[in-house]
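Each chain, letter by letter, is given below.
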Amino acid sequence: MTFVPQGSSWSRPLVRAIEDFAGILTTGDLTAPVPSCPGWTLADLGNHLRGVHLWAAHAVAEGNPQGTSEPVTTEQLADAYLDAGRHLLDVMEAAGADLPCWTFGADRTVAFWWRRQTHEVTLHLYDALLSQGRQAAWSIDPRLAWDGVDEVATMFYPRQVRAGRVQPLAGTLRLRSTDADGSAPVVTIGAAEPVVELTGTAAELLLTLWKRRPAADPAAAALLGSAITP
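K.L.:
Give me the lowdown on the packing of helix 2 (residues 42-62) against helix 4 (residues 110-131), citing residues and values where you can.
P.N.:
Packed helices, taken two at a time, are described by the angle their axes make and the gap between the axes. Packing of helix 2 against helix 4 brings their axes to within 11 Å, and their N-to-C directions diverge by 175 degrees. Taken together, the axes of helix 2 and helix 4 are roughly antiparallel relative to one another. Residues L42, L45, H48, L49, V52, H53, W55, A56, A59 and V60 of helix 2 pack against V110, W113, Q117, E120, V121, H124, D127, A128 and S131 of helix 4. Broken down by class, the residue content of the contact of helix 2 with helix 4 amounts to 12 nonpolar, 5 polar and 2 charged.

Encoded structure:
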């Protein structure tokens, strides 16, 4: 199950996440429920992520969001998922990170999909492990986790508000990482009073924003309320 495309700085973490996810589909209980995705089994999660890969590959290759795919059987799922991951990587590598394409973010190049798909698989890897009672085995580079926090703050949250899917936060959430290196140790979401600061590892903060773990601080939990992510 090892394949290593060349070219993008996102290649290594995305390849690893795809392979790890495929491994869980191969060895795990596909009928197990996924607590973080209510109503889904591991098989449902696998078919979802397979479809996302094919949809993203279509967006890169065809320049529109009209790609569709049908679920596969549990017997086919592990191999079909890995094929979809390989196809996505092949399409993005062939296109080049700077090629213009359809995206749902401000970045209208293939680079958007390298970043988005890396975060997509990494988070769903947590979900897959959780379905098997192995969530403690999930790990993420703090720099990648912190980039995921930034993605929520700068892309997902404003997009959700613009689309009317969530109300603007009734305050400001200031996220401070204890382990992410870089020039931006604080990420801010919202622009109202009160200001609530939530401190933790980048991984903890990422999981909190994506509703995979509760906010450690009651004030932050109250501010998040009906969560800012789908």
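Next comes the rest of the account.
K.L.:
Provide a residue-level description of the pattern of salt bridges, including the pertinent values.
P.N.:
A complete count under the given rule lists 9 salt bridges for this structure. A salt bridge links D83 to R86; the shortest N-O distance between them is 3.9 Å. Placement of the pair is D83 and R86 together in helix 3 (residues 74-95), with a separation of 3 residues, close to one helical turn. D83 gets classed as partly exposed once you look at its relative accessible area, which sits at 47%. In this structure, the salt-bridge partner of R115 is D147, at a minimum N-O distance of 2.8 Å. Note that R115 is positioned in helix 4 and D147 in helix 5 (residues 142-162), a separation of 32 residues in sequence.

K.L.:
Can you lay out the packing of helix 1 (residues 11-27) against helix 3 for me, pointing to particular residues and giving the numbers?
P.N.:
Relative orientation of the contacting elements helix 1 and helix 3 amounts to 170 degrees, with a least axis distance of 8 Å. With respect to each other, helix 1 and helix 3 are oriented roughly antiparallel. On helix 3, the residues touching S11, L14, V15, I18, F21, A22, L25 and T26 of helix 1 are L77, A78, Y81, L82, G85, L89, M92 and E93. A breakdown of the residues in the contact of helix 1 with helix 3 according to their chemical character gives 12 nonpolar, 3 polar and 1 charged.

The rules behind the values
- Residues numbered from 1 in each chain as written.
- Predicted model: local features only at pLDDT ≥ 70, side-chain atom pairs only at ≥ 80, totals over all residues.
- Heavy atoms only, no water.
- Axes fitted to C-alpha atoms, helices over the stretch in contact; angles between N-to-C directions.
- Helix = DSSP H or I, 4+ residues; strand = E, 2+ residues; numbered from the N terminus.
- Parallel < 35°, antiparallel > 145°, perpendicular 65-115°, else oblique.
- Contact = heavy atoms within 4.5 Å.
- Nonpolar A, V, L, I, M, F, W, Y, C, P; charged D, E, K, R; others polar.
- Salt bridge = Lys/Arg side-chain N within 4 Å of Asp/Glu carboxyl O.
- Buried < 20%, exposed > 50% of the residue type's maximum accessible area, 1.4 Å probe, protein only.

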